[in-house]
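Letter by letter, the chains look like this.
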Amino acid sequence: MEARSSSLNLYNDFIRTFSNVLFAVCLFIAWGILTLIGVIVDQGKDPSVYFSSYAAPLARLILRLGFDNIYHSVAYVGIIALILVSLAVCTFKRVIPARLPALRPVKIEKIPLNASVTVRGDEVSVRQRIEHFFITRGWQIRKREFGGEEWTFADRHNWARRGVLVAHVGFVIIAAGTTIYWARGFSGDAAVLTGQTVTIPHTDTAITLHDFTYKIEPIATKSGIVYQPIDYVSHVTVSGKDSKAREETIRVNHPVDVDGTLFYQASYGFGMRFVVSKDGKSVPALSNRILKEGEVITLPETARQIQYSQFVGTIDRQTGMPSADPRTNNPGVVLNAFDAGQPSGATLAPLGKRVDLGSGYALVPQKYVMYSGLQYRYDPGIPLVGIGAFILLAGLCISFYLLPARLYVKVEECKDGACTVGVAASTVKGYDIFEQQFDALVAEFRGAQAT
Amino acid sequence: MNHQPMSLDQVMLVISLSTYVVGALLLILYFFSHDEWQRNLAVPVVIVGCLCQFGQLVARYELTGVWPLLNLYGSLSLFSAMSVAIFIVFAFRYKLWFAGGFVIAIAAMFLAYGLTWNEGTLPAVPSLQSYWAKIHVPLVVSSYASFMVAFVMSALYLVKYYFERNLGLTEVGLQPAAAGAGADGGLSSVAYVQDSPVRRDTPNIASAAAAGNTVALWLKTLPSLAQLDVLVYRIIAVGLPLLTIGIITGAWWAKEAWGAYWQWDPKETAALFSWIVYAIYMHLHTRSAFRGVRSAWVSVFGFLSIIFCYLGVNIWISGLHSYKM
Ligand code: HEM
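Parameters and conventions
Residues numbered from 1 in each chain as written. Chains lettered and ligands numbered in written order. Predicted model: local features only at pLDDT ≥ 70, side-chain atom pairs only at ≥ 80, totals over all residues. Heavy atoms only, no water. Pairing = 2+ DSSP bridges. Helix = DSSP H or I, 4+ residues; strand = E, 2+ residues; numbered from the N terminus. Axes fitted to C-alpha atoms, helices over the stretch in contact; angles between N-to-C directions. Buried < 20%, exposed > 50% of the residue type's maximum accessible area, 1.4 Å probe, protein only. Contact = heavy atoms within 4.5 Å. Buried area = accessible area lost by both parts, 1.4 Å probe. Salt bridge = Lys/Arg side-chain N within 4 Å of Asp/Glu carboxyl O. Near = heavy atom within 4 Å. Polar contact = N/O pair within 3.5 Å; in protein donor to acceptor, adjacent residues only side chain to side chain. Domains from an automatic or database assignment. Phe/Tyr/Trp six-rings, centres within 6.5 Å; stacked < 30°, edge-to-face > 60°. Lys NZ or Arg CZ within 6 Å of the ring centre and 35° of its normal. Patch = residues over 30% accessible without salt bridge, like charges linked within 9 Å, V, L, I, M, F, W, Y side chains within 5 Å. Areas by Shrake-Rupley, 256 points an atom, 1.4 Å probe, with all protein chains shown as cover. Disulfide = S-S within 2.5 Å. Expected span 1.5 Å × (residues − 1). Nonpolar A, V, L, I, M, F, W, Y, C, P; charged D, E, K, R; others polar.

Residues and numbers for the sheet that holds strand β20 (residues 418-427) of chain A, please.
Backbone hydrogen bonds are what pair the strands of a sheet, in a parallel or an antiparallel way. Residue and element names in this part refer to chain A. The strand order β1-β20-β19-β3-β2 describes an open sheet built from 5 strands, whose pairing is antiparallel. Every other strand in the sheet has two partners, leaving β1 (114-120) and β2 (140-146) as the edge strands with one partner each. On average, each strand axis in the sheet is inclined to that of its neighbour by 25°, with strand direction left out of account. Inspection of the sheet shows strand β19 (residues 405-415) paired to β20 by 10 bridges, in the antiparallel sense. Bridge pairing in β20 places C414 opposite C419.

Rendered as structure tokens:
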């Protein structure tokens, strides 16, 4: 028995807390703070990046609290889940009762927007004239009797009372759409070298890159030359589930759809063929690969590794240093050497130049081959997210631009061929917002009844 | 000295900036003196400036073939033009000219600051070569502009509120009518039949003004705190849907350009942060006890978050929006 009443209390506490708008606001604040942390702290970087950007204790804190990947953290997803729960509870416990109130009598003089108007005529004709006045101005009239007294309720934009519900439903649908991606969607990256074919895991799509082209233009600006990228284009052959090959062009803002998975132009790079030799003789095992930036060659029987760190488009012929021009005028590569995992040197080598690596090894950066960085994504939740966004927006517009107002009209007293009519008004957004309109309406009402 | 003739867009820019400065000065004078002629002169001056600024943006497009939206100079210029345009619409609709001096002065400052980012003409980087740029950028910038106008109104609210509070010992709180309505047994069941605690009258300012206090005399001419609160709400009610459509169109564009409609890029998330702040504003505003001073502070904070999202992220934090391959 006691257990039942304590669980009932718990349930009541839960409902009370989650139906409180201020609690929802607190959740919003927590959501906002977590979002802001993610704006300020770089996301998804290697731990070393945080240690180089922040003091060690702060970097440790960032990593320990998961601020390096905050948007996928339990806290972040949890806050959104709590907001959804609060939204659901609030909708039934607060929004519906508050926005869709029953027709009830009120104490007219206690409502800040109130007026008393004298209308000539007997009670029946006065009631008819009141009705006529409001109906012709677009108000919906309903009459009810309470304790033998007849009340007239005039509503404006009554349907728009549901605007908040529409906005809230929109948010829930967006959340559902994003959840579908988590459950059934996938995404990934594929770097395809010119002339090569890659097969995408998750799908049976094969992509062959025929060529990748880019266009960069030097533009004179007030602060010097800027090398502005103009276009990135991958010419590919794709074949999907039907195994039919088709030619496609993928460029930024123009993805290609293969069986519902979209392929986008995301990045590009310069693969490099190095010819490695030992004591003057080529080492085919090390020379047949094409390396991408960041990849390494391990020299056999040594503790040495050579990393192809970066491609340089133009080496300045005068200084021998990389120039700002990214186009391939005088290309070269930056190489890093590691001995037993420790950095032991770096060099910038023009294409075709032999670099001595020690222990009899030498290397020549021979030829670059462009690769195209493609991103792919299958997201079956997109239609739902789109519909949710549209509904949310519609709900916001209904809530903000239509002001449902209710007038309480009561014929108070009739004598000497005139009746005193009490009018009060309330809106879903308080009284101040309707004050001027109410004054104008009452003035018009008075004017209409004077004749 | 070698004087190059100014191009049409430069001429229009100079005209807009000068008219904004003149208009702002006249309207600030009007705020203090309430001489009608200052307002009557300022209004056409500001309208001409605003038209010239839109003309300048079109002329720049005609001259360069690039939409002047895709760098900070272009977008700040659009921001200032939209702020003035939105303000003009609101000023005519709700008689807001008293706040015009401050709004136009801020718009002029943003325009002048934008000029410092003018690097000449650059073609758009691949990701920005999309028709979405012409939809998304003006929407987002217009929402920022609305929030700026709301910020000015909130600041005026706060000045009036704190001046009233500091003048007297009485708390700026519930009106007697509100307490009566809320306490009524029959009424309390109708949840929304309660009054706003935002004051319609400011008796301390009124009596200080009668005693000749200059600041009180200025503040007395402002709309009541309750009206200012409603004005802030109405302007944010324009800005928030604009920001929402801005974020939605941005997400749509991101889907085309980068593959995912939401990448948690700093610019996107900063905009989401501002959206959350204004959602907080809207929810607090549904509670009568939180209307007025507290929601005015949220609006001020909201605009600071907009500045962070607009300038802070562009300048200090790099991400996909400062697109580098
Ligand atoms: C991010 C999601 C949300 C959005 C977009 C949203 C949107 C809105 C909008 C536009 C309004 C109308 C404001 C006005 O007319 O002044 C509103 C009111 C309201 N919202 Fe939300 N809301 C969200 C989340 C929540 C949550 C989590 C709760 C849960 C407590 C909640 C509870 C309410 C309540 C109680 C009202 C006022 C209803 C009334 O008193 O008439 N909302 N919301």
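How would you summarise unusual backbone geometry if you had to cite specific residues and measurements?
All names here are of chain A. A positive phi angle, close to 50°, is found at D279, a residue other than glycine. Mapped onto the elements, D279 comes out in the loop between β10 (261-278) and β11 (281-282). Taking relative accessible area as the criterion, D279 reaches 60% and is therefore assigned exposed. Even without being glycine, A340 reaches a positive phi, approximately 50°.

Explain the sheet that holds strand β7 (residues 224-239) of chain A residue by residue, including any values.
All names here are of chain A. Reading across from one edge, β5-β6-β7-β8 is the order of the 4 strands in this open sheet, with antiparallel pairing throughout. In this open sheet, the two edge strands, each paired with only one partner strand, are β5 (197-199) and β8 (245-251). Each adjacent strand pair in this sheet contributes to an overall mean axis angle of 35°, direction not counted. Bridge count between β7 and β8: 7 bridges; the pairing is antiparallel. Each residue of the ladder has a partner; that of S234, found in β8, is I250.

Please provide a residue-by-residue account of the interface of chain B and chain A, values included.
Facing the 70 residues of chain B at the interface are 74 residues of chain A. Carbon and sulfur atoms supply 65% of the area that chain B and chain A bury against each other, a total of about 6,100 Å² over both sides. Our count for the contact surface shared by chain B and chain A stands at 0 salt bridges. At the level of secondary structure, the elements contributing two or more residues to the side of chain B that touches chain A comprise α6 (176-183), α10 (225-258), α11 (266-285) and α12 (293-316) of chain B. Counting residues per element, the side of chain B that touches chain A draws most heavily on α10 of chain B, which supplies 17 residues.

Quick one: what's the story with the site of the ligand, residue by residue and with numbers?
Near the ligand you find 22 residues, and of these C90, R99 and H168 of chain A together with Y233 and H283 of chain B are the closest. Per-site note: the chains with residues close to the ligand are chains A and B. Between the ligand and H168 of chain A there is a distance of 2.6 Å, counted from a nitrogen atom to a side-chain nitrogen or oxygen. At a separation of 2.9 Å, an oxygen atom of the ligand approaches a polar side-chain atom of Y233 of chain B.

Just give me the short version of the domain arrangement of chain A, but keep the residues and values in it.
By a frequent convention, interface size equals the accessible area lost on bringing the separate parts together. Segmenting chain A into domains produces domain 1 (2-99), domain 2 (108-157 + 405-450) and domain 3 (271-365). In this structure, domain 2 of chain A and domain 3 of chain A have C-alpha centres spaced 88 Å apart.

Before we move on, could you go through the packing of aromatic side chains and cite the residues and values that matter?
For the coordinates displayed, the defined rule picks out 46 aromatic pairs over all chains. Here the aromatic rings of Y113 of chain B and W117 of chain B are separated by 6.4 Å at their centres, their planes lie at 80°, and the arrangement is edge-to-face. Assessed through its relative accessible area of 32%, Y113 of chain B is described here as partly exposed. Overall, the relative accessible area of 34% leaves W117 of chain B in the partly exposed class. Members of the aromatic cluster, connected to one another through ring pairs, are F212, Y214, Y232, Y268, F270, F311 and Y368 of chain A. Sitting above the plane of the F290 of chain B ring, R294 of chain B keeps its charged end 4.5 Å from the centroid.

Outline a nonpolar patch on the surface, listing residues and values.
Residue and element names in this part refer to chain B. Taken together, the side chains of M6, V11, V14, I15 and V48 define a hydrophobic patch exposed on the protein surface, amounting to about 390 Å² of accessible area. For V11, the position within the fold is in helix α1 (residues 8-33). Classification of V11 as partly exposed rests on a relative accessible area of 33%.

So, the state of the cysteines: which residues are in play, and what are the values?
Within the structure shown, the criterion is met by 1 disulfide over all chains. Each sulfur of the disulfide joining C414 of chain A and C419 of chain A lies 1.9 Å from the other. Its S-S torsion of about 105° marks the bond between C414 of chain A and C419 of chain A as right-handed, since a negative value means left-handed. Taking relative accessible area as the criterion, C414 of chain A reaches 33% and is therefore assigned partly exposed. Judged by relative accessible area, which is 1%, C419 of chain A ranks as buried. Residue C50 of chain B stays outside any disulfide, its sulfur separated by 9.6 Å from that of C52 of chain B, the closest cysteine. What makes C50 of chain B buried here is its relative accessible area of 5%.

Tell me about helix α5 (residues 131-167) of chain B, and please be specific about residues and values.
The α-helix advances 3.6 residues per turn, and as a result positions three or four apart in sequence lie on the same side. Across its 37 residues, α5 of chain B extends 55 Å between first and last C-alpha, which sits within 8% of the 54 Å expected from 1.5 Å per residue. Most of α5 of chain B sits out of view: 26 of its 37 residues are buried.

I'd like a rundown of the pairing of β19 of chain A, residues and numbers included.
All names here are of chain A. Relative to β19, strand β3 (residues 149-156) runs antiparallel, the two being bridged by 6 bridges. Paired with R156 across the bridge in β19 is A405. Hairpin remark: β19 followed by β20, antiparallel, with 2 residues in the connecting loop; positive phi at D416, about 50°.

So what's going on with the environment of V385 of chain A? Residues and values would help.
For V385 of chain A, the location among the structural elements is in helix α9 (residues 382-401). C-alpha separation for the pair V385 of chain A and I79 of chain A, spaced 306 residues apart in sequence, amounts to 19 Å. If we skip the residues at most four places from it in the chain, V385 of chain A touches I174, G177 and T178 of chain A together with Y261 of chain B.

Describe in detail the domain arrangement of chain B, supporting the description with residues and values.
Residue and element names in this part refer to chain B. We note that the domain assignment places domain 1 (1-124), domain 2 (129-169 + 223-325) and domain 3 (170-219) within chain B. One C-alpha centre belongs to domain 1, the other to domain 2; they are set 21 Å apart. Tallying the contact residues gives 26 residues for domain 1 and 27 residues for domain 2. Between domain 1 and domain 2, roughly 2,300 Å² of surface is buried when both sides are summed, and carbon and sulfur atoms account for 88% of that area. At the junction of domain 1 and domain 2, the tally comes to 0 salt bridges. Taken together, the connections running from domain 1 to domain 2 amount to 3 residue pairs in polar contact (both at pLDDT 80 or more). For the side of domain 1 that touches domain 2, the secondary-structure elements that each account for two or more residues are α3 (72-94) and α4 (100-115). Here the side of domain 1 that touches domain 2 gets 11 residues from one element, more than from any other, and that element is α3. In terms of residue class, the side of domain 1 that touches domain 2 is built from 24 nonpolar, 2 polar and no charged.

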